[in-house]
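Structure assessment
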Amino acid sequence: MRYRNRAWKKRIGAAALGLILTNAAAFPAAAQETYYGSGSYVVGTDIPAGEYAFFTEDTSGDNTYSYCNLTLYKDDTDERRIAVLRFQHHGLVTLYNGQHLVLHDGWAVAADQADIEPGVSGMYKAGRDIEPGTYRLTALTAEGGSYALYNDVRYYYDYIDAYGRFIEPTVITVEEGQYLELTDVRDIEKIG
């Protein structure tokens with residue numbers, strides 16, 4: 001099974017949804033899902049707690065290498081910043097009640113409703129978005145690519161299992177339940 005960057009010609013570029021939220025961008029068409037556009041949200045009040053997929057708001061056909069940015073604070077006083085995250089195409093984060101989320105250049109949907117298809121850039125949960133197993137990664141350019149493996153996405157960088165930058169093709173193993181983040185990757189091929 002091999003995935004290339006053009007595999008992302010999926011629902012992200014679909015027609016705009018009639019759901020408009022504060023500062024909302026164009027969302028994929030799907031009536032049963034709730035999307036949250038760029039803006040400020042208190043978790044538990046404006047957006048339910050849970051794991052979310054965050055996507056770039058770039059709706060062009062070539063959005064694989066666009067970015068989504070978000071800032072997460074411990075509470076709505078904005079005195080304690082937990083993380084500033086930047087995802088290439090899409091990422092996954094678990095939100096908890098009371099946190100303050102500021103979303104820029106993107107939109108969010110509950111991760112179990114995101115229908116994430118395997119591709120190259122972005123973040124995937126093994127067993128839900130991508131099959132567990134061994135993969136060969138090929139960098140997008142001569143400057144190389146990178147991958148990261150996480151065991152949780154609640155505060156993101158606190159739960160990293162492995163990280164690697166590579167120029168030549170590299171082989172990694174992703175276990176059930178792990179999260180795989182890919183940046184500047186041209187090909188991902190399952191080899192075992």
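Residues numbered from 1 in each chain as written. Predicted model: local features only at pLDDT ≥ 70, side-chain atom pairs only at ≥ 80, totals over all residues. Heavy atoms only, no water.

Considering the environment of Glu-33
So the rule is basically this: Only DSSP runs of H or I reaching four residues or more are called helices, and only runs of E reaching two or more are called strands; each is numbered from the N terminus.
By the secondary structure assignment, Glu-33 is in the loop between β1 (2-4) and β2 (35-36). The sequence separation of Glu-33 and Ala-110 amounts to 77 residues, and the corresponding C-alpha distance is 8.2 Å.

Structural notes on the confidence of the model for the protein chain
Worth spelling out the cut-off: Confidence of the predictor in every single residue is expressed as pLDDT, which spans 0 to 100. The contact criterion used throughout is that any non-hydrogen atoms of two residues lie within 4.5 Å.
Residues of the protein chain with pLDDT of at least 70 account for 77%, and the chain-wide mean is 80. Within the protein chain, the lowest mean pLDDT, 41, falls on β1, and the highest, 97, falls on strand β14 (residues 170-174). Here residues 2-31 is modelled with pLDDT under 50, and outside its nearest four sequence neighbours on either side it reaches 87 contacts, counting other chains as well.

Notes on the packing of aromatic side chains
Threshold: Put simply, two rings from Phe, Tyr or Trp (the six-membered ring, in Trp's case) pair if the centres are within 6.5 Å, and we call them stacked under 30 degrees between planes, edge-to-face over 60, tilted for the rest. Exposure categories follow from relative accessible area, calculated using a 1.4 Å probe and restricted to protein chains: below 20% of the type maximum is buried, above 50% is exposed, and the middle band is partly exposed. Our definition puts a charge over a ring when NZ of Lys or CZ of Arg is within 6 Å of the ring centre and also within 35 degrees of the ring normal.
Taken as a whole and judged by the stated rule, the model has six aromatic pairs. Aromatic pair Tyr-147 and Phe-166: ring centres 6.5 Å apart, planes at 35°, arrangement tilted. With Tyr-147 in strand β12 (residues 145-150) and Phe-166 in strand β13 (residues 160-166), this pair connects stretches of sequence that are 19 residues apart. With a relative accessible area of 14%, Tyr-147 lands in the buried category. Judged by its relative accessible area of 7%, Phe-166 falls in the buried class. One aromatic cluster in this structure is built from Tyr-36, Tyr-41, Tyr-52 and Phe-54. The positively charged end of Arg-86 is found above the aromatic ring belonging to Tyr-67, 3.6 Å away from the centroid.

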